[in-house]
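These are the residues of each chain, in order.
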Amino acid sequence: MTDDQEVAGLGTRLREHRLAGRLTLEAAAARVGLSPAYVSRLETGQRQPSLPVLLGLARAYGTTVSGLLGEQPGEPDPVIRGGAIEPDRVGGWGYRRAGAPGRAMQALRVQVPPSLQDAVVRVHPGEEWLHVTRGRLRLTLGDTVHLLDEGDSAHFESLTPHCIAADSPDGVELLFLHTLLQSPGGELCLGDSPRL
């Protein structure tokens, strides 16, 4: 980016992001490998950053280049079209997105095959909600086994050890919503089966 390709408001946004992160000019400059004077000139609009500098500043301030440039993301399309659920080659489970990506809550349509499921117990931060649309589901929450028929739902904390399996000869289909909260403990999953 050259000086004649000035981005309106960039200096102000750079300063706002630095201050929001409680960084001094010196601390911000050190994170990106620049001089404090150069960061000051960027913030006052006397200089325009190159793309590598802009990337470094975005990382240092915990934002995106688009955010620094003042670009407003468009609203995601609220409509997700249906379609066939294709089974995975490993284990036969099938998934199809039923919600917009990048949201706190993720929605899937899931097919669980009728074959015997291995006893993979999942434990991770967040919540899960599922609704059986076809077949019968065996849901194990802690030490309790629940059998859910078509039309039944379950809503539970994902820190409760849980396991799902088909309990009908043709498998089971369900709607599945989850919030996988990010934490230092991360997602604890025992085994290599699909994560639910």
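Preceding this section is the structure that the text describes.
Residues numbered from 1 in each chain as written. Predicted model: local features only at pLDDT ≥ 70, side-chain atom pairs only at ≥ 80, totals over all residues. Heavy atoms only, no water.

Caption draft 1: Looking closely at the pattern of salt bridges. With the rule as written, the count across this model stands at 5 salt bridges. Arginine 136 is the salt-bridge partner of aspartate 149, the closest N and O atoms lying 3.1 Å from each other. Of this pair, aspartate 149 sits in the loop between strand S7 (144-148) and strand S8 (153-157) while arginine 136 sits in the loop between strand S5 (127-134) and strand S6 (137-141), placing them 13 residues apart in sequence. The exposure class of aspartate 149 is partly exposed, given its relative accessible area of 36%. For the salt bridge of arginine 138 with aspartate 167, the shortest nitrogen-to-oxygen distance reads 3.6 Å. Placement of arginine 138 in strand S6 and of aspartate 167 in the loop between strand S9 (162-166) and strand S10 (172-179) is noted, with a sequence separation of 29 residues between them. (Salt bridge = Lys/Arg side-chain N within 4 Å of Asp/Glu carboxyl O. Helix = DSSP H or I, 4+ residues; strand = E, 2+ residues; numbered from the N terminus. Buried < 20%, exposed > 50% of the residue type's maximum accessible area, 1.4 Å probe, protein only.)

Caption draft 2: The pairing of S6, seen in detail. The two faces of S6 differ: Leu137, Leu139 and Leu141 on one face are buried, but Arg138 and Thr140 on the other face are not. Bridge analysis of S6 against S7 gives 5 bridges, and the strand direction is antiparallel. By the bridge assignment for S7, leucine 137 is matched with leucine 148. Hairpin remark: S6 followed by S7, antiparallel, with 2 residues in the connecting loop; positive phi at glycine 142, about 65°. (Pairing = 2+ DSSP bridges.)

Caption draft 3: Examining the pairing of S5 more closely. Looking at chain direction, S5 and S8 are connected through 5 bridges and run antiparallel. Across the sheet, residue glutamate 128 finds its bridge partner in S8, namely phenylalanine 156. Note that S5 and S10 share 7 bridges and pair antiparallel. If you follow histidine 131 over to S10, its bridge partner there is leucine 175.

By themselves these figures say nothing about function.
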